[in-house]
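# Inside the fold
This is what each chain is made of:
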Amino acid sequence: MPELPEVEALAQDLRGRLAGRAITAVHVPAFSALKTYDPPISAIEGTLVDGVRRHGKFLDIEASGLHLVLHLARAGWIRWKDELPALPPRPGGKSPLAVRIALDEDDGVTPGLDITEAGTKKSLALYLVRDPADVEGVARLGPDPLTDDFTPDLLAEILETEGRKQLKGVLRHQGTVAGIGNAYSDEILHVARMSPFKAANSLTDEERATLYAAIRDTLGDAVTRSAGLAATELKAEKKSNLRVHGRTGQACPECGDTVREVSFADSSLQYCATCQTGGKPLADRRMSKLLK
């Protein structure tokens, strides 16, 4: 799933490609992707792109006062096309194409964006609104962890408010902190040397400072590495720099211990027992249920 660093890089890339261009057509062959009806999707046709922004893990293409807001979910992605097919995409079918955005012609060809979603679980979401806050997911977002407003004191307040909730869940909850998902929460907690199951309000002042630095440094470094990369390069860049996430069975880059995994119904987390849990393996909740 694209998280804050990748979505920020996508916004930067699209900003350069789309600024001042006219949107001539938006096709939505995957009907379930479009979540709004007022204004109609046709209202954005003929508008000029003013900018591209990020809200947490949402992309926001602003054009002539309207906002085309996109959430790529777990398996969505954006592909720039120098030349789109002459015929509009057919609705339905098994194609991964969910949305196509056509731009004004350039030297006789029509460039644009193909937004795809792999797999059978379709969660990609497209909204056309007059204000980004009209999208419920955007309106509910917590503070962005890379803005100046996200201070050590604010993190301390969040952790205290979340009480006995586990750090992993606190970091991933978009209404608490915006933009961090499954992968970067694993990475942050490994850098901070903290258990994903540690209670949010159990941290000492020193541990809070350590977690704050891990959040800022991990995300900031990822944004820096991703800056300037094309969309086609972002997935490989992210994967190649992960320390523990998605690396079950491999050696921890810090201590050499084996990276372990805890599985859930539809996701998993990875961690290093030596670095994060005092050498004690965490219980795999899924296996524990199977053994009962």
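Quick summary incoming for the structure in this document. Just so it is clear, the model here is predicted, and its values are computed rather than measured.

Reading guide: rules and limits
- Every chain's residues receive numbers from 1 upward, in the order its sequence appears when written.
- This being a predicted model, a pLDDT of at least 70 is required before a residue's local features are given, and a value of 80 or more before pairs of side-chain atoms are given or counted; all residues contribute to the totals for chains, interfaces and linings.
- Hydrogens are left out, water is left out, and the side-chain values use all remaining heavy atoms of the structure.
- Between Lys or Arg on one side and Asp or Glu on the other, a salt bridge is scored when a side-chain nitrogen of the former is within 4 Å of a carboxyl oxygen of the latter.
- By definition, any uninterrupted DSSP run of H or I lasting at least four residues is a helix, any uninterrupted run of E lasting at least two residues is a strand, and each is numbered from the N terminus.
- Accessibility here uses a 1.4 Å probe with only protein chains present; expressed as a share of the type maximum, an area under 20% marks a residue as buried, one over 50% as exposed, and anything in between as partly exposed.
- The residues that make up patches have over 30% relative accessible area and no salt bridge, and they are joined within 9 Å when like-charged or within 5 Å when they are Val, Leu, Ile, Met, Phe, Trp or Tyr.
- For every accessible area listed, the method is Shrake-Rupley and the probe measures 1.4 Å; residues are considered covered only by the protein chains on display.
- Only four residue types enter the tally: Lys and Arg on the positive side, Asp and Glu on the negative side, with His and both chain ends excluded.
- By convention, the point assigned to a charge is CZ for Arg, NZ for Lys, CD for Glu and CG for Asp.
- One fewer than the residue count of a helix, multiplied by 1.5 Å, yields its expected span.
- The reported arc concerns the directions from the helix axis to the C-beta atoms and nothing else.
- Two residues form a contact once any of their heavy atoms are found within 4.5 Å.
- Helix axes are fitted only over the stretch in contact, all axes being lines through C-alpha atoms; the angle between N-to-C directions runs from 0 to 180 degrees.
- Note that the term roughly parallel is reserved for angles under 35 degrees, roughly antiparallel for angles over 145, roughly perpendicular for angles of 65 to 115, and oblique for everything else.
- Should the near helix be turned counterclockwise from the far one by less than a right angle, the crossing is left-handed, whereas a clockwise turn marks it as right-handed.
- Each residue gets one of three labels, nonpolar for Ala, Val, Leu, Ile, Met, Phe, Trp, Tyr, Cys and Pro, charged for Asp, Glu, Lys and Arg, and polar for the others, Gly among them.
- Strand pairing is assigned whenever DSSP identifies at least 2 bridges connecting the two strands.
- Residues grouped as a nonpolar core are buried Ala, Val, Leu, Ile, Met, Phe, Trp, Tyr and Cys residues, joined through side-chain atoms within 4.5 Å.

## Considerations on the pattern of salt bridges
In total, this model carries 16 salt bridges according to the counting rule given. When the shortest N-O distance is used, the salt bridge between Lys-238 and Glu-6 registers 3.4 Å. One end of the pair, Lys-238, is in helix 7 (residues 231-241); the other, Glu-6, is in helix 1 (residues 4-18), with 232 residues separating them in the sequence. Looking at Glu-6, the relative accessible area reads 2%, which means it is buried. The partner of Arg-243 in a salt bridge is Glu-254, with the nearest N and O atoms 2.9 Å apart. Here Glu-254 lies in the loop between helix 7 and strand 9 (260-263) and Arg-243 lies in the loop between helix 7 and strand 9, a separation of eleven residues in the sequence. Of the residues examined, Arg-243 reaches a relative accessible area of 25% and is grouped as partly exposed. Its relative accessible area of 48% is what places Glu-254 among the partly exposed residues. Shared partners join several salt bridges into a network, and the residues in it are Glu-3, Glu-6 and Lys-238.

## Concerning a negative patch on the surface
Side chains of Asp-82, Glu-83, Asp-106 and Asp-107 sit close together on the surface and give a patch of like negative charge. Tracing the chain through its elements places Glu-83 in the loop between strand 5 (76-81) and strand 6 (97-103).

## Focus: helix 6 (residues 205-226)
If you check helix 6, its first and last C-alpha atoms are 32 Å apart, about what 22 residues at 1.5 Å a residue would give, namely 32 Å. All of the buried residues in helix 6 are Arg-208, Leu-211, Tyr-212, Ala-214, Ile-215, Thr-218, Leu-219, Ala-222, Val-223 and Ser-226. Taken down its axis, helix 6 places every buried residue within 160 degrees of arc, on the same side. Turned more than 90 degrees away from the buried face of helix 6 sit Asp-205, Glu-206 and Thr-224, all of them exposed. On its buried side, helix 6 packs onto helix 1, helix 3 (152-162), helix 4 (167-172), helix 5 (182-192) and helix 7. Gly-228, located one to two residues past helix 6, shows a positive phi value of around 85 degrees.

## Focus: the packing of helix 1 against helix 7
Angle between the axes and distance between the axes are the two parameters that describe a pair of packed helices. It is the contact of helix 1 with helix 7, at a shortest axis distance of 10 Å, that shows an interaxial angle of 160 degrees. Our classification of the angle between helix 1 and helix 7 gives roughly antiparallel. The element helix 1 and its partner helix 7 pack so that their crossing is right-handed. Within the contact between the two elements, helix 1 uses Glu-6, Ala-9, Leu-10 and Asp-13 and helix 7 uses Ala-231, Leu-234 and Lys-238. Within the contact of helix 1 with helix 7, the residues separate by chemical class into four nonpolar, no polar and three charged.

## Considerations on the sheet that holds strand 8 (residues 125-129)
One open sheet holds the eight strands; their spatial order is 5-7-6-1-2-3-4-8, and the pairing between them is antiparallel. At either end of the open sheet lies a strand with only one pairing partner, and these are strand 5 and strand 8. With strand direction ignored, the average angle separating the axes of adjacent strands in the sheet is 25 degrees. Along the sheet, helix 1 makes contact with strand 2 (47-55), strand 3 (58-63), strand 5, strand 6 and strand 7 (112-117), crossing strand 2 at roughly 165 degrees.

## Some words on the nonpolar core
Side chains of a nonpolar character, in soluble globular proteins, are inclined to be buried together. Of all hydrophobic cores here, the largest spans 35 residues; its most connected members are Leu-59 and Ile-101. Ranked by the residues each element gives to this core, the list is headed by helix 1, at six residues. Excluding residues that lie within four positions of it along the chain, Ile-101 makes contacts with Ile-23, Ala-25, Val-26, Ile-61, Leu-68, Leu-84, Pro-111, Gly-112, Leu-113 and Ile-115. In terms of nonpolar packing, the next biggest core, distinct from the first, is built from 24 residues, Phe-150, Leu-155, Ile-180 and Val-223 among them.

## Digging into the pairing of strand 3
Within strand 3, five of the six residues are buried, which leaves it mostly tucked inside the rest of the structure. Bridge count between strand 2 and strand 3: six bridges; the pairing is antiparallel. Note that in strand 3 the partner of Gly-51 across the bridge is Glu-62. Looking at chain direction, strand 3 and strand 4 (residues 66-71) are connected through six bridges and run antiparallel. Along strand 4, the bridge assignment pairs Glu-62 with His-67. In this antiparallel pair of consecutive strands, strand 3 and strand 4, the connection spans two residues, and Ser-64 shows a positive phi of 50 degrees.

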